Amino acid sequence: MCEAHAYIIHEGEEQIVLENVDLVEQEDNEVRLVSIFGEQKRIRARLKLYNNRESKILFEAIPPQSE
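Being a predicted model, the structure only gives us computed values, none of them experimental. (Residues numbered from 1 in each chain as written. Predicted model: local features only at pLDDT ≥ 70, side-chain atom pairs only at ≥ 80, totals over all residues. Heavy atoms only, no water.)

Participant: Sorry if this is basic, but what is going on with the nonpolar core here?
Facilitator: Grouped burial of nonpolar side chains is what soluble globular proteins tend to show. Within the largest apolar cluster, 12 residues are counted, these being Ala4, Ala6, Ile8, Val17, Leu18, Val21, Val31, Leu33, Ile43, Ala45, Ile57 and Phe59. When sequence neighbours within four positions are dropped, the list of residues in contact with isoleucine 8 reads Glu13, Glu14, Gln15, Val17, Ile43, Ala45, Leu58, Phe59 and Ala61. (Core = buried A, V, L, I, M, F, W, Y, C linked by side-chain atoms within 4.5 Å. Buried < 20%, exposed > 50% of the residue type's maximum accessible area, 1.4 Å probe, protein only. Contact = heavy atoms within 4.5 Å.)

Participant: What exactly am I supposed to notice about the side chain of asparagine 51 here?
Facilitator: Among the structural elements, asparagine 51 can be located in strand β4 (residues 40-51). Looking at asparagine 51, the relative accessible area reads 16%, which means it is buried. Among the polar contacts made by the side chain of asparagine 51, one reaches the main-chain amide nitrogen of glutamate 54 at a distance of 3.0 Å. (Helix = DSSP H or I, 4+ residues; strand = E, 2+ residues; numbered from the N terminus. Polar contact = N/O pair within 3.5 Å; in protein donor to acceptor, adjacent residues only side chain to side chain.)

Participant: Got a minute to help me understand the side chain of arginine 32 in this structure?
Facilitator: Here arginine 32 is to be found in strand β3 (residues 30-35). Of the residues examined, arginine 32 reaches a relative accessible area of 16% and is grouped as buried. If sequence neighbours within four positions are ignored, arginine 32 has contacts with Leu23, Val24, Glu25, Glu27, Gln40, Lys41 and Arg42.

Participant: Could you clarify how one ought to interpret the pattern of salt bridges in this entry?
Facilitator: Between side chains of opposite charge, pairing is possible as soon as their charged atoms come close. A complete count under the given rule lists six salt bridges for this structure. With its nearest N and O atoms 2.3 Å apart, the salt bridge here joins glutamate 27 to arginine 42. A residue pair is termed long-range when its members are at least 10 positions apart, and glutamate 27 in strand β2 (residues 13-27) and arginine 42 in strand β4 qualify at 15 residues. The class for glutamate 27 is partly exposed, based on a relative accessible area of 27%. (Salt bridge = Lys/Arg side-chain N within 4 Å of Asp/Glu carboxyl O.)

Participant: Got a minute to help me understand unusual backbone geometry in this structure?
Facilitator: Residues apart from glycine generally show negative phi values, whereas peptide bonds are mostly found in trans. Positive phi is not limited to glycine here, since aspartate 28 has a value of about 55 degrees. Residue position: aspartate 28 is located in the loop between β2 and β3. Not every positive phi belongs to a glycine, and serine 55 is a case in point at roughly 50 degrees. Mapped onto the elements, serine 55 comes out in the loop between β4 and β5 (56-61).

In short, geometric facts, not functional conclusions.
Structure, rendered in structure tokens:
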């Protein structure tokens, strides 16, 4: 199996968000990630890069809106 791992850029560095990602779903300004084990994470981000060869999904954080 070659599931991808999701990362987010935080302060200029890549940080792991979720391993063994099976599902990526965009919902407005959030992304829902689900692993092959059913673990779910939601992040406020947009897709920056998907690299199948490296099994990597890279997201860029969306800053919170000021009210």
